Amino acid sequence: MNKFTIITALSLILAGCSAYQIKADVDEGKFRFVNFEKERGKQFEYIHLMCLYKRPIQWNLPRQYQAGNHQLWVKAQIYQNGMSIREKNAFVKFDVTLKAGLSYKLNRSFDDHDNISIWIEEEQSKNIVSEIITTELLRPLLIEKSLRTEQCESGSI
């Protein structure tokens, strides 16, 4: 085999592996949580758990947490492509019971008046497992670190 054939074969294998998302098994007594991300077109949307270890975070890859009752703070960030100065945010708190062995994800919808509705759904069945909370998307506060830290301290993750 020549070098070109080997390089082509390796490239195809790597491309195939990167296109296929591997789903990790959920550990016993835990659930898996997936954030929402949409980066298509002009609008970027990021909806994610706002806290980890009771401290604010920006983004988190799918993680596993202990199953049971949780108070989860969620942050929605919406902005136009390349224009983060036009960013709008929303913050909601869910009181929800999440079952072991399942994967959950955030989802959302918008209305015509700059409002966002956010909920948690079971990833495979798409069944909504939380209340649907509707709130207004607002421009970020100039100083909000202490407020977000206080909110995270009141949550369970």
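Here we summarise the structure given alongside this text. The shown structure was predicted, so the numbers you read here are calculated from the model rather than taken from an experiment.

Let's shift gears to the packing of aromatic side chains. Scanning all chains against the criterion turns up six aromatic pairs. Here Phe31 and Tyr65 contribute two aromatic rings whose centre-to-centre distance is 5.8 Å and whose plane-to-plane angle is 35 degrees, an arrangement assigned as tilted. In this pair, Phe31 sits in strand β1 (residues 30-34) while Tyr65 sits in strand β6 (residues 63-66), placing the two residues 34 residues apart along the sequence. Assessed through its relative accessible area of 0%, Phe31 is described here as buried. We classify Tyr65 as buried; its relative accessible area is 9%. Seen in terms of ring centroids, Phe44 and Tyr46 are 6.5 Å apart; in terms of plane orientation they differ by 85 degrees. Their pairing is edge-to-face. Accessibility expressed as a relative area gives 16% for Phe44, which makes it buried. Looking at Tyr46, the relative accessible area reads 12%, which means it is buried. The structure contains a cluster of three or more aromatic residues connected by ring pairs, namely Phe44, Tyr46, Trp59 and Tyr79. The ring centre of Phe91 lies 3.4 Å from the NZ or CZ of Arg148, which sits over that ring.

Right, let's talk about the sheet that holds strand β10 (residues 115-122) for a bit. Here five strands make up an open sheet; going across it, the order is β6-β1-β9-β10-β11 and the pairing mixed. Both outer strands of the open sheet, β6 and β11 (133-136), are each paired with one neighbouring strand and no more. Recorded for the sheet is a direction-independent mean angle of 30 degrees between the axes of neighbouring strands. Relative to β10, strand β9 (residues 103-110) runs antiparallel, the two being bridged by seven bridges.

Turning our attention to the pattern of salt bridges. In total, this model carries five salt bridges according to the counting rule given. Of the charged contacts, one joins Glu153 and Arg55 as a salt bridge, the two residues approaching to 2.9 Å between their closest N and O atoms. In this pair, Glu153 is assigned in helix α2 (residues 145-154) and Arg55 in strand β5 (residues 55-56), connecting sequence segments 98 residues apart. Classification of Arg55 as partly exposed rests on a relative accessible area of 44%. Residue Lys105 pairs with Glu121 through a salt bridge whose shortest N-O separation is 3.7 Å. Here Lys105, found in strand β9, pairs with Glu121, found in strand β10; they are 16 residues apart in sequence, far enough to count as distant. Summarising the burial analysis for this pair, Lys105 and Glu121 share the class buried.

Basis of the calculations
- Here the residue numbering is sequential within each chain, running from 1 through the sequence in written order.
- Only residues with pLDDT of 70 or above have their local features reported here, since the model is predicted, and side-chain atom pairs are shown and tallied only from 80 upward, although totals for entire chains, interfaces and linings are computed over all residues.
- Excluding hydrogens and water, the side-chain figures rest on all heavy atoms present in the structure.
- Side-chain rings of Phe, Tyr and Trp (the six-membered ring for Trp) are treated as a pair once their centres are within 6.5 Å; stacked means planes under 30 degrees apart, edge-to-face means over 60, and tilted covers the remaining angles.
- Note on conventions: DSSP H or I runs of at least 4 residues are helices, E runs of at least 2 residues are strands, and numbering of each starts at the N terminus.
- Buried, partly exposed and exposed residues are distinguished by accessible area as a fraction of the type maximum, computed with a 1.4 Å probe on protein chains only: under 20%, between the cut-offs, and over 50%, respectively.
- Any Lys NZ or Arg CZ found within 6 Å of a ring centre and within 35 degrees of that ring's normal is scored as a charge over the ring.
- When DSSP finds two or more bridges between a pair of strands, those strands are recorded as paired.
- Only the contacting stretch of a helix is used when fitting its axis, a line to C-alpha atoms as for every element, and angles between N-to-C directions run 0 to 180 degrees.
- What counts as a salt bridge is simple: a side-chain nitrogen of Lys or Arg found within 4 Å of a carboxyl oxygen of Asp or Glu.

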